[in-house]
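# Close look at the chain arrangement
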There are 2 protein chains.
Amino acid sequence: MVKATIDDVAALAGVSMKTVSRVVNKEPNVRASTRDKVQAAIDELAYRPSQSARSLAANRSYVLGLLYDNPSASYVIDVQDGALASCRRAGYDLLIHPCKRDTVELLTEVLALVRQGRVDGLILTPPLSDMTELVQTLVSAGIPFVRLSPTEYKDACPYVQTNDQEAAYDMTCRLIELGHRRIGFIVGHPDHRAVTQRYTGYVAALKENDLVLDKSLVVQGYNSFDSGRECARELLSSATPPSAIFASNDDMAAGVIIEAHHRSITMPAELSVAGFDDTPVAHQIYPSLTTVRQPIAEMAAKAVDLLLKQLKGKSVQIPAAIMSCRILERESTGEAGR
Amino acid sequence: MVKATIDDVAALAGVSMKTVSRVVNKEPNVRASTRDKVQAAIDELAYRPSQSARSLAANRSYVLGLLYDNPSASYVIDVQDGALASCRRAGYDLLIHPCKRDTVELLTEVLALVRQGRVDGLILTPPLSDMTELVQTLVSAGIPFVRLSPTEYKDACPYVQTNDQEAAYDMTCRLIELGHRRIGFIVGHPDHRAVTQRYTGYVAALKENDLVLDKSLVVQGYNSFDSGRECARELLSSATPPSAIFASNDDMAAGVIIEAHHRSITMPAELSVAGFDDTPVAHQIYPSLTTVRQPIAEMAAKAVDLLLKQLKGKSVQIPAAIMSCRILERESTGEAGR
DNA sequence: AAACGGGCTGACAGCGCTGTCACTTTGTTT
DNA sequence: AAACAAAGTGACAGCGCTGTCAGCCCGTTT
């Protein structure tokens, strides 16, 4: 049995192939009876429109590209899941494209992706979404894209963000409420604005509660487990160690917890630890980690929706969306000074 | 500036478009001087062949599909990375296609993927690679695919496997060597043959060392963290608990460790714990987990290579590959009865 | 010197769809 | 009943490539 084409369907249904095309693409202005007739023919022949023929004729690929340079597997998977969900709903495919942020080829590589017509538009995830050069290039090349990032970009390009800063603020307030006065903070990788912004929330919460910002309690991490452990070493070696440590992501918080275990510090009695992201590790470690859950999949889905809208009509206004985080209190935090 | 086509390049280089096509596709039998001339024209016009036109004319998509139904993010990401690496080398794209194993639509969905010409071939990962119905369908539809699975399939279809069983055997022997006599085992999800086969290695090691297989030490898990914890509860509640527990994967082993913490059991002094997979969590928990590392990315890369070979020539022989695992001893295991 | 064969090149016909536009049918208005 | 608008349909020309096949130009053989 050879693959049926649109002509076969048209012949069987007794209509023109253009009408079949209309039915397949759910276009309006087809009489219901005609539609049924065509649909019956499609079913009978098990007709599947050829993706490449459609792409060539319509001049679009029905594929979106997902760009990332993120070592965190769970984050990436969540983004993929959310993006895929929206893509499927719209009959689009998703092409994943991990890439190295610092390579010279990055720009040409990404441009080629679009120029070859392999994707119709792009989703940028942090930290790529904050690379000025990349964003600039895409804008001036007129390539449709949506950024997944908590920071706005000066030009009017669409983005999806969460209230990161607010969540960091809330978490810090919660720690203060628990009686903590000396709260260590581990800053995220300087290139990841999405993560470093969380520091702002911490600072704001201290100020709001009339606590002084002690710079010796703020250390620079690099988002990895190992860097978190290193930072914990620094903070816990102090003569006056903090009673709580808030890390800008879960991997670093996990590093803090390990270091505390190795120093026989009991948690949360002697030390409270909080993270950010709610990665799988957060509830698989002991004590389970108090953290902030971001609706990553939903954000990605939203980003795809915005991109698809952009691809259809030319909505000139900036599409943007803000989603909410949620604090999850688990075993790693408790009252201070017990 | 409008996008250049193959005609533009041909005109500029003063050759036919067919010759340009030959240069672009690195076909033989083009004089070096002609090749250079064409290449210069390509560079000057920044010509990028249209993916969809190529696909339509050549009747293939230059895209491979990656099918999975696996909740483990790190496993999936590793597979993606390996597969992508090989794809890029060959100028192919990778389409990810997570799917639910038990849905009725699975088969039609996957067939549509191929029938619409969106992918040229498929990579199946566990547990999909062990679904007889799916494999059977693909075989009889003549769709090229490669299975990532430790089990062979009765028909001659290509696969990539690891020496899982052997590694489980080695790990069990190592525990015995450390003095453990009562070793608990947590079996993997019954539908995941890739995981359940590890039990065979455990049994073989006991036999080899003249230890009786005590069925009360073998409990059925379902691959998840929670099920691992549940199994640990069962094993540790016994009047004569095991001195070591070997879980069929890391998530379940992490569950065991948490349960032990909650019972104030010190590890490895009072209990040794071993896992399988070396997921990120393995070195982020306390104590860090002794486990088995599989070369997942390499396996996926190999699978893609086999698939591409199959796509080119019709090598009738079964292509297959076996890769090796490695035991990683960390903090969670130690001598028995200390 | 004729015959041969392999390297190299080009003409051309599609691949299977969609966009455009012209056309026919139907329903609505005066 | 004529005039008009809107809904419904089809003819056709590509979209930008690759496969096929014919033909040219060589050097090598008899």
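Residues numbered from 1 in each chain as written. Chains lettered and ligands numbered in written order. Predicted model: local features only at pLDDT ≥ 70, side-chain atom pairs only at ≥ 80, totals over all residues. Heavy atoms only, no water.

### With respect to the interface of chain A and chain B
Taken together, the 40 residues of chain A in the interface contact 40 residues of chain B. The partner of Arg118(B) in a salt bridge is Asp93(A), and the shortest N-O contact between them spans 3.2 Å. Put simply, chain A and chain B have 11 residue pairs in polar contact (both at pLDDT 80 or more) between them. Within the residue set of the side of chain A that touches chain B, elements represented by two or more residues are α4 (51-58), α5 (73-89), β2 (93-98), α6 (105-115) and α12 (250-262) of chain A. The element that contributes the greatest number of residues to the side of chain A that touches chain B is α5(A), accounting for seven residues. Residues belonging to the side of chain A that touches chain B are distributed by class as follows: 19 nonpolar, 12 polar and nine charged. (Contact = heavy atoms within 4.5 Å. Salt bridge = Lys/Arg side-chain N within 4 Å of Asp/Glu carboxyl O. Polar contact = N/O pair within 3.5 Å; in protein donor to acceptor, adjacent residues only side chain to side chain. Helix = DSSP H or I, 4+ residues; strand = E, 2+ residues; numbered from the N terminus. Nonpolar A, V, L, I, M, F, W, Y, C, P; charged D, E, K, R; others polar.)

### Let's talk about the environment of Ser16(A)
Along the chain, the position of Ser16(A) falls in the loop between α1 (6-13) and α2 (17-24). Taking the C-alpha atoms as reference points, Ser16(A) and Ala58(A), separated by 42 residues in sequence, lie 18 Å from one another.

### Things to note about the environment of Ser52(B)
Positionally, Ser52(B) belongs in helix α4 (residues 51-58). Setting aside its immediate chain neighbours within four residues, Ser52(B) contacts Ser52(A), Ser55(A) and Leu56(A).

### Regarding the protein's contact with DNA strand D
Surveying the vicinity of DNA strand D reveals 26 residues, the closest of which are Thr19(A), Arg22(A), Thr34(A), Ile6(B) and Ser21(B). Take the atoms of DNA strand D that sit within 4 Å of the protein: sugar and phosphate atoms are 60% of them. The separation between a phosphate oxygen of DNA strand D and a polar side-chain atom of Asn29(A) is 3.5 Å. Elements supplying a minimum of two residues to the surface near DNA strand D: α2 and α4 of chain A together with α2 (17-24) and α4 of chain B. Residue contributions to the surface near DNA strand D peak at five residues, all from α4(B). Of the residues in the surface near DNA strand D, the class split is 13 nonpolar, eight polar and five charged. (Near = heavy atom within 4 Å.)

### With respect to the nonpolar core
One finds Leu64(A), Val160(A), Leu64(B) and Val160(B) to be the most contacted residues of the largest nonpolar core, which totals 58 residues. Here Leu64(A) is in contact with Cys87(A), Tyr92(A), Asp93(A), Leu94(A), Leu95(A), Val119(A), Asp120(A), Gly121(A), Val304(A), Leu307(A), Leu308(A) and Leu311(A), once residues within four sequence places are set aside. (Core = buried A, V, L, I, M, F, W, Y, C linked by side-chain atoms within 4.5 Å. Buried < 20%, exposed > 50% of the residue type's maximum accessible area, 1.4 Å probe, protein only.)

### A few points about empty space enclosed by the protein
In this approach, a probe sized like a water molecule rolls over the atoms, and the result shows the empty space that is left. Under the criterion given, the structure shown has three cavities of 30 Å³ or more. By volume, the largest cavity is sized at about 260 Å³. Residue assignment for the lining of the largest cavity shows that the elements contributing at least two residues are α4 and β2 of chain A together with α4 and β2 (93-98) of chain B. Approximately 40 Å³ is the volume attributed to the second largest cavity. If you trace the second largest cavity, you find it lined by Arg181(B), Ile183(B), Tyr202(B), Leu206(B), Leu211(B), Val212(B), Leu213(B), Asp214(B) and Leu217(B). Class assignment of the residues belonging to the lining of the second largest cavity gives a composition of seven nonpolar, no polar and two charged. (1 Å grid on protein atoms, 1.4 Å probe; cavity = no way out; pocket = protein on both sides within 12 Å on 5 of 7 lines; lining within 4 Å. Points joined across faces, edges and corners; volume = space filled by probe spheres on them.)

### Some thoughts on the domain arrangement of chain A
All names here are of chain A. If you check the domain split of chain A, you get domain 1 (6-49), domain 2 (61-162 + 296-324) and domain 3 (164-293). Here domain 2 and domain 3 have C-alpha centroids that lie 30 Å from each other. Contacts between the two partners involve eight residues from domain 2, matched on the other side by nine residues from domain 3. Summing both sides of the interface, domain 2 and domain 3 together bury roughly 990 Å²; the carbon and sulfur share of this comes to 48%. A salt bridge links Arg101 to Asp191; its shortest N-O distance comes to 2.8 Å. Counting across the interface, domain 2 meets domain 3 through two residue pairs in polar contact (both at pLDDT 80 or more). The residue makeup of the side of domain 2 that touches domain 3, split by class, is three nonpolar, three polar and two charged. (Domains from an automatic or database assignment. Buried area = accessible area lost by both parts, 1.4 Å probe.)

### Looking at the sheet that holds strand β6 (residues 183-187) of chain B
Residue and element names in this part refer to chain B. Pairing in this open sheet of four strands is parallel, and the strands run β7-β6-β8-β9 from one edge to the other. Pairing within the sheet leaves two strands with one partner each, and these edge strands are β7 (218-220) and β9 (272-274). If you compare each strand with its neighbour and ignore which way they point, the axes differ by 15° on average. Strand contacts of helix α8 (residues 164-177): β6, β8 (244-247) and β9, with the helix running at about 170° to β8, the strand carrying the most contacts. (Pairing = 2+ DSSP bridges. Axes fitted to C-alpha atoms, helices over the stretch in contact; angles between N-to-C directions.)

### Notes on the sheet that holds strand β9 (residues 272-274) of chain A
What holds strands together in a sheet is hydrogen bonding between their backbones, with the strands either parallel or antiparallel. Residue and element names in this part refer to chain A. Read across the open sheet, the four strands follow the order β7-β6-β8-β9; overall the sheet is parallel. The open sheet has two edge strands with one neighbour each: β7 (218-220) and β9. On average, adjacent strands in this sheet sit at an angle of 15° to one another, irrespective of strand direction. Two strands pair when backbone bridges link them, and strand β6 (residues 183-187) and β7 are joined in this way by three bridges, in the parallel orientation.

### A look at the relation of the copies chain A and chain B
Least-squares fitting of chain A to chain B yields an RMSD of 0.1 Å, with the superposition described by an axial translation of 0.0 Å and a rotation of 180°. A rotation of that kind, with that shift, is consistent with a two-fold axis. (Least-squares fit on C-alpha atoms with pLDDT ≥ 70 in both.)

### Notes on unusual backbone geometry
Backbone torsion omega between Met267(A) and Pro268(A) reads 5°, so that peptide bond is classified as cis. Note on placement: Pro268(A) falls in the loop between α12 and β9. The linkage connecting Pro126(B) with the following residue, Pro127(B), adopts the cis geometry, with an omega of 0°. Even without being glycine, Asn223(B) reaches a positive phi, approximately 75°. Tracing the backbone shows Asn223(B) in the loop between β7 and α11 (225-237). A relative accessible area of 12% means that Asn223(B) is categorised as buried.

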